[in-house]
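The lines below spell out each chain.
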Amino acid sequence: MGTDTTHMDRAIELAEEAVGAGNTPFGALLVVDGDVVREARNTTRTDDDITAHPELRLARWAGRELDAADRAACTMYASTEPCPMCTTAIHYAGIGRVVFGVSGATLDERTGDVVTIPAGEVIRRAGGDTVVEGPAATDAAMAVHNEFYGTDGRPDGGSATDT
């Protein structure tokens, strides 16, 4: 789990970088054969695009740029459990494994604004093969959310669904 921990730490750093750029705290990266091949931060606010989730952007990139074997060997590390939209894209891209830091249900307890269908359930219902693991770093991943969302769970009128 040492490599998983290193990659999860980076996903959480990407979430922090997203906040620094004016977005909500979500980050993700793709790893093939131990090498990081792509990283993404949430850009929903700065792009004015509700679909600019890092997990969706990475799944789309993988579908265009990686062959099927590399996608199947790929692991996506996400600071937070991918939402159903992103998980569906992960499934269609054929990404082999997802590891996430904090569950959507845990984030929803803080914000009250998350679609709490677990990623594993989306994959199961789609008949997919993607392995979903997590939560793998709840305290560290939630620290970024707690700092961003504050005590009331809503920063400056924002929404947790801006993942």
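Heads up: the structure comes first, above all this text.
Residues numbered from 1 in each chain as written. Predicted model: local features only at pLDDT ≥ 70, side-chain atom pairs only at ≥ 80, totals over all residues. Heavy atoms only, no water.

A. Spotlight on the overall build of the protein chain. For the protein chain, the helix and strand inventory stands at 7 helices and 5 strands. When its helices and strands are written in sequence order, the protein chain yields α-β-β-α-α-β-α-β-α-α-β-α. The C-alpha radius of gyration computed for the protein chain amounts to 14 Å, which stays within 12% of the reference 15 Å derived for 163 residues, consistent with globular compactness. Seen along its three principal axes, the alpha-carbon backbone of the protein chain occupies a region of about 45 × 30 × 30 Å. Among the 163 residues that make up the protein chain, the fraction classed as buried is 49%. In the protein chain, the proportion of contacts linking residues at least 24 apart, taken out of those at least 6 apart, comes to 65%. Element-wise, carbon and sulfur atoms account for 47% of the exposed surface of the protein chain, whose accessible area totals about 7500 Å². (Helix = DSSP H or I, 4+ residues; strand = E, 2+ residues; numbered from the N terminus. Rg over C-alpha atoms; globule rule 2.2 N^0.38 Å. Buried < 20%, exposed > 50% of the residue type's maximum accessible area, 1.4 Å probe, protein only. Contact = heavy atoms within 4.5 Å. Areas by Shrake-Rupley, 256 points an atom, 1.4 Å probe, with all protein chains shown as cover.)

B. Molecular detail of helix 4 (residues 84-93). Across the 10 residues that make up helix 4, a large majority, 7, are buried. Among the residues of helix 4, those classed as buried are Pro84, Cys86, Thr87, Ala89, Ile90, His91 and Ala93. Two residues or fewer after helix 4 comes Gly94, characterised by a positive phi angle close to 80 degrees.

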